[in-house]
Amino acid sequence: MTHVAEAQAGHAHDAHDHAPQAFIWKYVFSKDHKVIGVQYYVTAMLMAVVAGLLAMLIRVQIAWPPATQEPQTQQVESLRLSPPPAPIRAATDATGSVLTKGYAKMDKGYQMKPEFYAMLFTMHGTIMVFFVLSTAPVSGFGNMLIPLQVGARDMAFPFLNGLSFWTFLPGCVVILLSFFVEAGAAAAGWTSYPPLSALKSAVPGSQMGQTLWIIAMVFFIASFTMGGLNFVTTILNLRTKGLSLFRMSTTMWAMFLVAILGLLAFPALIAGSLLLLFDRHFGTSFYLPAGIILSGKVMPNSGGSPLLWQHLFWFLGHPEVYILMLPALGFTSDIIAAFSRKAIFGYKAMIGAMIAISGLSFVVWGHHMFVSGMSPYLGMAFAVGTILIAVPSAVKVFNWLATLWQSRIQFHTAMLWALGVVSLFISGGLSGVWLGQSAVDIHLHDTMFVVAHFHLIMAGAALFGVFGATAYWFPKMFGRMMNETLGKWHFWFTFITYYGTFFPMHYVGISGQMRRVYNPYEYDFLKPVQDINVFITYCALILGVSQVIFFINFFWSAFKGRKAEGNPWNAAGLEWTTPSPPPHGNWPGEIPEVHRWPYDYSVPDAPQDFVLQTDPSPIGALKPGGGH
Amino acid sequence: MTVSVVSAAETRPPAASRFEALGPGGSPSPSGPGSGPIGSDPARFGLWVLLGSIAMLFIGFTSALVFRRAAADWVPMSAPPLVWINTAVLALSSVALETARRRLRGVRYEGVQTWISVTGLLGALFVAGQVQAWRQLVAQGVFLSSDPHSAFFYVLTGVHVVHVLAALVWFTTVFVRVRRRAYAPGGDGLALFATFWHFLGGLWAYLLFVLFVL
C-alpha cells in the first residue's frame, strides 16, 4: 500500500476530498456510494415497471388467447372457452394499436402474434432477473449500506463504483432498445438456449434482438464484476475498529457472499456468451450439432452440443438465483431483530446457513437439466445436493421464528415485508424440495409449477426483501420517512394478490400446462384450467396496479415525507449512529468504533431497550450467542 | 475492459485517505486487530479478487473445450511455430519487468526506465506476434470456423490478447509515472502491475497447455 500512498500523497488533499458541489458531479457522475446506490435503485425500479407491464401482457394472453378472442368458426366456439371481458378487450386493443409490431389487426380488434409472446416472456425474465432483482438489492442497497454498516467513508474504489453504474446503464438501454430493432427482441427465453439463440434464422427474435441481448449481458456482467470487487474489498479491508467479521450484520454477510458468488459465477456466462456470439456470427459450432434443418436447408454446423450452453448457463444461473435471494434473507434478519426488539436467534447458525447455501449453489446447477438426458447417477448427485439446501434453509426459517417467538412485534411496514419474505421462503421452498427430486421433476419440468415455485421463492422473496429494505432504510436514503398507511396498503394488496397469482399456478402446472406456450388451450386436456388462469390473471393485474401505491409513496416521501431523525426505529446497528441522510463521508466527525454486534435489543439492565453497536459499556457484552 | 478498470482503481488514492480533511477518523488503516484477515491493502486485495474472476472466465472456457473435444469431429491441430517464439517474448517481458522492479526496490533508479520500456516493447511485440500467428494460420486456410480446435485456438488466444492489450493500457500509466519518478525508490511501486503482468504470462502458459498438450 505504501507505494500507492506515497505516489498519491500529492493528491490526498486535492479538490476530491470535499463533497462535489456541481449538480453533475454530485448527482450524475457521482463517486459517493449513497448517490450511486440510489441511482442503481431508481434505475432498477423503472426497469421493473417495464418488466412488470410485459408480465401483464403475458397474463392476459394466457387467460384469453386469440382463439377465444376471435370466435369465428363453429369449432372454436365449441371449446366453451370464456372470452375476455370488455375492459380487458379494450385494453388489449389499446395495447395492440400502440404495439402494432407485436399485434396483428383482426376483424374485431387486435391479437398478439406468437413471436411477440416469445419476446415478452424472454424479456420479462431477463430484465427482472438481471436488471431488477440483481440490481436493486445488491447494487442498490449493497452500495448504500456497506460503508454505513462497516463504518467506512466510502467504498474501497469510489471511481470504480461510479464507473460500474455507468456501465450498467448502457446495458439497460441496449436491452430496452432491442424491442425496437426490425425483427424484435430476443425470444429464446431468459436462458437463451441454443439452437434458437445460436441460429440467426431460427425465429424473428434470433436475429438482432439476440445479439443485443448478449451485448446487454456483457455490460451487466462487467458492471456487476466491478461492484463485486468493491463489495468484497470494502467488507474485508475497510471495516472500522472493533468490527470483527462475526460482529457484522447479516445483511453485510449476505452482500459479502453475493459478491463472491457473482465474481466466481458470472465469468462462466461471459465465456458462454462469447462462444454463442461466435456461433451466431462467425460460423463456429460450439453449440450447434450436425443435421439442423431450417426452412428445408441443412445447416453446415457439426459436432457442437446445446447441452454445453446449458452447463455454462446454469453454472452461472443457479448461483445467480441466490444472488437475488441472499440479500433479502440478510435484510429480513436485520428488520425482524429491530421490530421484535430481540437479538437475532442463532446468529452464527444464520451466517453458517448463508455460507452453506452459497457453497451448495455451485454444485447443483444440473437440477435445471434433469430432462436433458443426463446419466441417472449424475442426476441423483445433483438431486441430493439440491435437497441438502433444504437444511440450511430450514435453519434460517427456524431461527426467524425463534426470534419472533414471545417477542413484542411492532408491525411497521418494513416488518410486514420481512414477515412476507419468511412466508414466501417457506411456501416457495417446499415446492423446491419437490422439484429437486429428479423423478418428480420429469413430470413437472418446464410446467407452470416451476414458474410458480421460482416466483414465490426467488422473485417474491427478493422483491419483498427490496420493499422491506426500502421501508426500513428509507431514512438513510433520503432523510425522510415513508408514509406508513400507504406502505401498509401496498403491502396487503401485494401480499394477497402475489399469493393469488402464484399459489393456484402450482395446480395449473401439475395439471400439465407448459410454460412459454402461446395458447395452452390448443391442448384439449388444458381447457379445464382456463378458469384458474383467468383468476390468476385478475390477481396479477391487481398486483400490477397496486404497485402504483408504492411509487406514489416513494416519490412523495422522498421529497415531502416527514423528516427523519438519525435513528427513527431505535435500532442498534452502526448505520443508525449517523444523521439521516448521512453527510458526505458518512459520519460528521470521526468514524465510530464498534464494541458489539448490531443485535443488542432488550438487554437486561440497559437504560433503553437497545444498545447501539458503538456503546462501549459492558452491558450485554458478555451475553452468550455471539456479539463479541 | 475490466483490466483498464483496475488501472483506474490503482491510480486512485485509497478511499480513506481521501477523507482526511473530514476528520481524524479517516485513517487509512481502518481495522483493529481481528479484522482484514486477508491483507489490509485494498488495491492489492482487489486486484487478486479480479484475478480470481478472470481465472473463472478461463476455467469456463476450459470446461467448454474439455466438453467439446469429446465430439467425433475434433481434429487436433498443431500449434503454429511462431506461438513458441511469442511465448519466449512474453516470458522475457516478465523478466524485464522483474529487473525493473528489483532495481526500484534496491533504490537504484538508474535502469528502471530502460527495463520498464523493454517490458512494454516486448509486450507489444507479443501482441504483434500473435496477430502474425493468426495471419499465418489464415494463409494456411485454417479459419475460426474450420474445425473446433482452431475455433478454440482463435477464441482463447484472442481473449488472452484482449487482456494483454488492457494491461498495456495500464502499462502506459505505469510508464508515465516511472518517467516522472513518481514511484519512491526503495518501495515496491511496480508490484501491482507486475502481479497482473505475470498472471497474464502464467495464463498464456496454461492456455498453451490446455490447447496443445492436454
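Keep in mind it's a predicted model, so treat the numbers as computed, not measured.

**A few points about the overall build of chain B**
Within chain B, the secondary structure is distributed over six helices and zero strands. Along chain B, helices and strands appear, N-terminal first, in the series α-α-α-α-α-α. The burial tally for chain B puts 56% of its 214 residues in the buried class. Taking as baseline every contact in chain B between residues at least 6 positions apart, the subset at least 24 positions apart corresponds to 79%. Carbon together with sulfur atoms contributes 66% to the accessible area of chain B, which is approximately 8,800 Å² in total.

**A look at helix H18 (residues 448-478) of chain A**
Residue and element names in this part refer to chain A. At Tyr472, H18 shows its maximal bend, which comes to roughly 55°, and the proline Pro475 appears one to four places after that position. In terms of burial, H18 is largely enclosed, as 29 of its 31 residues are buried. Note on H18: the residue one or two positions beyond its end, Gly479, has a positive phi of about 70°.

**Examining the nonpolar core**
Residue and element names in this part refer to chain A. Of all hydrophobic cores here, the largest spans 264 residues; its most connected members are Phe131, Phe141 and Tyr472. Other than its neighbours up to four places away in sequence, Tyr472 contacts Asp334, Ile335, Ala338, Phe339, Ala414, Trp569, Ala571, Trp576 and Tyr601. Within the second largest apolar cluster, five residues are counted, among which are Val60, Ala63, Ile88 and Val534.

**A few points about the layout of surface pockets**
Residues and elements named next belong to chain A. By volume, the second largest pocket is sized at about 1,200 Å³. Surrounding the second largest pocket, 49 residues form its lining, His368, Leu435, Val450, His453 and Phe454 being those nearest its centre. Looking at the lining of the second largest pocket, the elements that each hand over two or more residues are helix H7 (114-132), helix H12 (306-340), helix H14 (376-388), helix H15 (390-404), helix H16 (413-436) and H18. Top contributing element to the lining of the second largest pocket by residue count: H16, with eight residues. A breakdown of the residues in the lining of the second largest pocket according to their chemical character gives 30 nonpolar, 14 polar and five charged.

**Some thoughts on the side chain of Ser407 of chain A**
Its location among the elements puts Ser407 of chain A in the loop between H15 and H16. Every residue in contact with Ser407 of chain A, bar those within four places of it in the chain, is listed here: Ser340 and Lys342 of chain A.

**Section: the side chain of Gln310 of chain A**
Relative to the assigned elements, Gln310 of chain A resides in helix H12. Contact partners of Gln310 of chain A, with chain neighbours within four places excluded, come to Tyr193, Met369 and Ser372 of chain A.

**A few points about the environment of Ala356 of chain A**
Residues and elements named next belong to chain A. Mapped onto the elements of the fold, Ala356 is located in helix H13 (residues 347-361). Here Ala356 falls in the partly exposed class, since its relative accessible area comes to 30%. Separated by 35 residues in the primary sequence, Ala356 and Val391 place their C-alpha atoms 9.1 Å from one another.

**With respect to the packing of H12 of chain A against H13 of chain A**
Residue and element names in this part refer to chain A. At a minimum axis distance of 10 Å, the contact between H12 and H13 shows a crossing angle of 170°. Between H12 and H13, the crossing angle belongs to the class labelled roughly antiparallel. The segment H12 lies against H13, with His318, Pro319, Tyr322, Leu326 and Ser333 engaging Met350, Met354, Ile357, Ser358 and Ser361. A breakdown of the residues in the contact of H12 with H13 according to their chemical character gives six nonpolar, four polar and no charged.

**Brief notes about the confidence of the model for chain A**
Residues and elements named next belong to chain A. Scored by pLDDT, chain A comes out at a mean of 91, with 93% of its residues at no less than 70. Contacts of residues 1-16 to residues separated by more than four positions or lying in other chains number 22 contacts, the stretch itself having pLDDT below 50. Contacts for the low-pLDDT stretch residues 622-628, under 50 throughout, to residues beyond four places or in other chains number 13 contacts.

**Some details on the packing of aromatic side chains**
Residues and elements named next belong to chain A. If you walk through the whole model with that rule in mind, you get 80 aromatic pairs over all chains. On the basis of an interplanar angle of 80° and a centroid distance of 5.7 Å, the ring pair of Phe339 and Tyr472 is categorised as edge-to-face. Placement of the pair is Phe339 in helix H12 and Tyr472 in helix H18, with a sequence separation of 133 residues. Grouping residues by exposure puts Phe339 and Tyr472 together as buried. For the ring pair Phe474 and Phe554, a centre distance of 5.7 Å and an interplane angle of 80° mean the geometry is edge-to-face.

**Some remarks on the pattern of salt bridges**
This model, assessed by the stated rule, comprises twelve salt bridges over all chains. Here Asp609 of chain A ties to Arg341 of chain A by a salt bridge, and the two come within 2.9 Å at their closest N and O atoms. Taken together, the residues span a long stretch of sequence, with Asp609 of chain A in the segment after helix H20 (530-560) and Arg341 of chain A in the loop between H12 and H13 at a distance of 268 residues. What makes Arg341 of chain A buried here is its relative accessible area of 2%. A salt bridge links Arg101 of chain B to Glu98 of chain B; the shortest N-O distance between them is 3.1 Å. On the criterion of helical spacing, the pair formed by Arg101 of chain B and Glu98 of chain B is a turn pair, its members being three residues apart in helix H3 (residues 82-105). The exposure class of Glu98 of chain B is partly exposed, given its relative accessible area of 22%. A single network of salt bridges, built from pairs that share partners, joins Glu98, Arg101, Arg105 and Asp188 of chain B.

**Here's the deal with the confidence of the model for chain B**
For chain B, the average pLDDT comes to 83, and 81% of its residues sit at 70 or higher. With pLDDT under 50 throughout, residues 1-38 of chain B is counted as low confidence; its partners more than four residues away or in other chains account for 84 contacts.

Conventions adopted
- Residues numbered from 1 in each chain as written.
- Chains lettered and ligands numbered in written order.
- Predicted model: local features only at pLDDT ≥ 70, side-chain atom pairs only at ≥ 80, totals over all residues.
- Heavy atoms only, no water.
- Helix = DSSP H or I, 4+ residues; strand = E, 2+ residues; numbered from the N terminus.
- Buried < 20%, exposed > 50% of the residue type's maximum accessible area, 1.4 Å probe, protein only.
- Contact = heavy atoms within 4.5 Å.
- Areas by Shrake-Rupley, 256 points an atom, 1.4 Å probe, with all protein chains shown as cover.
- Bend = angle between axes of the 7 residues up to and from the residue.
- Core = buried A, V, L, I, M, F, W, Y, C linked by side-chain atoms within 4.5 Å.
- 1 Å grid on protein atoms, 1.4 Å probe; cavity = no way out; pocket = protein on both sides within 12 Å on 5 of 7 lines; lining within 4 Å.
- Points joined across faces, edges and corners; volume = space filled by probe spheres on them.
- Nonpolar A, V, L, I, M, F, W, Y, C, P; charged D, E, K, R; others polar.
- Axes fitted to C-alpha atoms, helices over the stretch in contact; angles between N-to-C directions.
- Parallel < 35°, antiparallel > 145°, perpendicular 65-115°, else oblique.
- pLDDT = per-residue confidence, 0-100.
- Phe/Tyr/Trp six-rings, centres within 6.5 Å; stacked < 30°, edge-to-face > 60°.
- Salt bridge = Lys/Arg side-chain N within 4 Å of Asp/Glu carboxyl O.

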